[in-house]
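Coordinate analysis (summary)
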Amino acid sequence: MDPLRQSPSPGSSRPSSPRTPPCEMFDYVGIEAVLDQLKIKAMKMGFEFNIMVVGQSGLGKSTMVNTLFKSKVWKSNIPNLGTPTPQTLKLHSVTHIIEEKGVKLKLTVTDTPGFGDQINNDKCLRPLDIEFLQRLCRAVNVVPVIARADSLTIEERETFRQRIQHNLRSHCIEVYPQKSLDEDTNDRILNSKIRDRIPFAVVGADREHLVNGKCVLGRKTKWGIIEVENMAHCEFPLLRDLLIRSHLQDLKDITHNVHYENYRVCRLNESHLLPQGPGWVNLAPTPAGRLATPQSSKVCQQAQDDAKDEAY
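The structure reproduced in this document is the subject of the present report.

Calculation criteria
- Each chain has its residues counted from 1, following the order in which its sequence is written.
- Only residues with pLDDT of 70 or above have their local features reported here, since the model is predicted, and side-chain atom pairs are shown and tallied only from 80 upward, although totals for entire chains, interfaces and linings are computed over all residues.
- As a rule here, side-chain values come from all non-hydrogen atoms in the structure, and water together with hydrogens is ignored.
- Starting at the N terminus, helices and strands are each numbered in turn, a helix being any DSSP run of H or I of at least four residues and a strand any DSSP run of E of at least two.
- Exposed residues in this analysis have more than 50% of their type's maximum accessible area, buried residues have under 20%, and partly exposed residues fall in between, with area computed by a 1.4 Å probe over protein chains only.
- Only heavy atoms matter for contacts: two residues are in contact if any of them lie within 4.5 Å across the pair.
- Residue burial considers only the protein chains on display, and all accessible areas are found by Shrake-Rupley using a 1.4 Å probe.
- Paired strands, in this sense, are two strands between which DSSP finds at least two bridges.
- Angular values range over 0 to 180 degrees, each being the angle between N-to-C directions of two axes fitted as lines to C-alpha atoms, with helices fitted over their stretch in contact.
- Roughly parallel means an angle under 35 degrees; roughly antiparallel means over 145; roughly perpendicular covers 65 to 115; every other angle is labelled oblique.
- The sense of a crossing depends on the near helix, which, turned anticlockwise from the far helix by less than a right angle, makes the crossing left-handed and, turned clockwise, makes it right-handed.
- Asp, Glu, Lys and Arg are counted as charged, while Ala, Val, Leu, Ile, Met, Phe, Trp, Tyr, Cys and Pro are counted as nonpolar; the rest, among them Gly, fall into the polar class.
- Should a side-chain nitrogen of Lys or Arg be within 4 Å of a carboxyl oxygen of Asp or Glu, the pair is scored as a salt bridge.
- For this analysis, a nonpolar core means a set of buried residues of the types Ala, Val, Leu, Ile, Met, Phe, Trp, Tyr and Cys, connected via side-chain atoms within 4.5 Å.

Of regular secondary structure, the protein chain possesses 8 helices and 8 strands. Counting across all 312 residues of the protein chain, residues that qualify as buried make up 32%. The contacts in the protein chain between residues at least 6 apart in sequence include a share of 58% that link residues at least 24 apart. When the accessible surface of the protein chain is split by element, carbon and sulfur atoms take 53% of a total near 21,300 Å².

Now the structure itself:
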């Protein structure tokens, strides 16, 4: 354990900030029971998680979502050869309740049917992808992946990854986890390792196969079994750890506290609900072709509360 993060022993005194004088405790109070209360409340209420998958038909989006949560969350609907390619005119969402060891998760998965099906990317980001990501990264957390990574050799996979990373940097597309939101040294070290591996090279599979006497999720080919959770075969474990096991709550917090608040303030500014002057703010980069607003260090809290419903 990091000695800097060790909890003080019972009865010890420690100021909470440089301005707070030390307070001597004479006996056990039970403040730590708040953690138990929060856990009980969270178990009762459950959790919500929204995820949108974007990509061409046939890339395995449905299988990836099913593999991610080890459930039949999404049913694949690939059009036949004689069927016209659908256009992305509206989003398609499904919601399921997933329960594991008493913890309930309300999962909503949104698909974009027909997105870019008639455009060839030729192993690079298409102009459609760049324009889409530039807009999307200002509104939600973006986690890019290399789909069907089993169709690439290790060398091709790394070359593709470096090319995508270069495209993201050159077009100022920030993906999750964002450097500007690293809170401390530990977060910076962990997130830097994650950013080096993005986009993750993943393989999805929702069927189990027997490998060395053990049932594993994988895809069967004439060369053998591609194990989904084997790091020697693909990087799906890294994607699952990021989205569920280590950063799920952080994803939700950033979406609510950063992306939504930026969106809300921009809508308030556009609606002229804040007076032009010291009340105007610009928390996010202004998209091209839109009116920029002067920067300010503070937003009138009363104006935000009164106009809360207008943000939608």
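Right, let's get into helix α2 (residues 61-69). Of all the 9 residues making up α2, 8 are buried; the element is thus mostly covered by neighbouring parts of the structure. Among all positions of α2, only Lys 61, Ser 62, Met 64, Val 65, Asn 66, Thr 67, Leu 68 and Phe 69 are buried. Looking at the buried positions of α2, the neighbouring elements they touch are β1 (47-53), β2 (92-100), β3 (103-111), β4 (145-146), β7 (214-221) and α6 (236-246). Downstream of α2 by one or two residues, Lys 70 has phi in the positive range, about 50°.

So, on to the pairing of β2. Where β2 and β3 come together, 9 bridges link them in antiparallel fashion. By the bridge assignment for β3, Thr 95 is matched with Thr 108. Where β2 hands over to β3, the hairpin turn is made up of 2 residues, of which Lys 101 adopts a positive phi near 55°.

Once that is clear, we can look at the packing of α2 against α6. At a closest axis distance of 10 Å, the pairing of α2 and α6 adopts a crossing angle of 70°. By the angle between their directions, the pair α2 and α6 is classed as roughly perpendicular. Considering how the two elements wind past one another, α2 and α6 form a crossing that is right-handed. Facing α2, whose interface residues are Met 64, Thr 67, Leu 68 and Phe 69, α6 presents Phe 236, Leu 239, Arg 240, Leu 243 and Ile 244. The residue makeup of the contact of α2 with α6, split by class, is 7 nonpolar, 1 polar and 1 charged.

A separate point is the environment of Pro 144. Inspection of the secondary structure assignment puts Pro 144 in the loop between α3 (127-136) and β4. Those residues in contact with Pro 144 that lie beyond four places of it in its chain are Leu 168, Val 175, Ile 198, Pro 199 and Phe 200.

On to the packing of helix α4 (residues 154-170) against helix α5 (residues 185-197), then. Any two packed helices are characterised by the angle at which their axes cross and by the distance between the axes. Between α4 and α5, the shortest axis-to-axis distance is 9 Å and the interhelical angle comes to 110°. Put simply, α4 runs roughly perpendicular to α5. Between α4 and α5, the residues in contact are Glu 158, Arg 161 and Gln 165 and Arg 195, Asp 196 and Arg 197, respectively. A per-class count over the contact of α4 with α5 returns no nonpolar, 1 polar and 5 charged.

What follows is about the pattern of salt bridges. Evaluated as defined, the whole model comprises 13 salt bridges. Linking Glu 235 and Arg 161 is a salt bridge whose minimum nitrogen-to-oxygen distance equals 3.0 Å. With Glu 235 in the loop between β8 (224-227) and α6 and Arg 161 in helix α4, this residue pair connects regions lying 74 residues apart in the sequence. Assigned by exposure class, Glu 235 and Arg 161 land together as buried. Between Glu 229 and Arg 240 there is a salt bridge, with its nearest N and O atoms 2.4 Å apart.

If you look at the biggest cluster of nonpolar residues, it comprises 46 residues, and the most contacted ones within it are Phe 69, Leu 107, Val 109 and Phe 236. At the level of secondary structure, the elements contributing two or more residues to this core comprise β1, α2, β3, α3, α4, β5 (200-201), α6 and α7 (248-270). Residues in contact with Val 109, not counting those within four places in the same chain, are Ile 51, Val 53, Val 65, Val 73, Trp 74, His 92, Ser 93 and Val 94.

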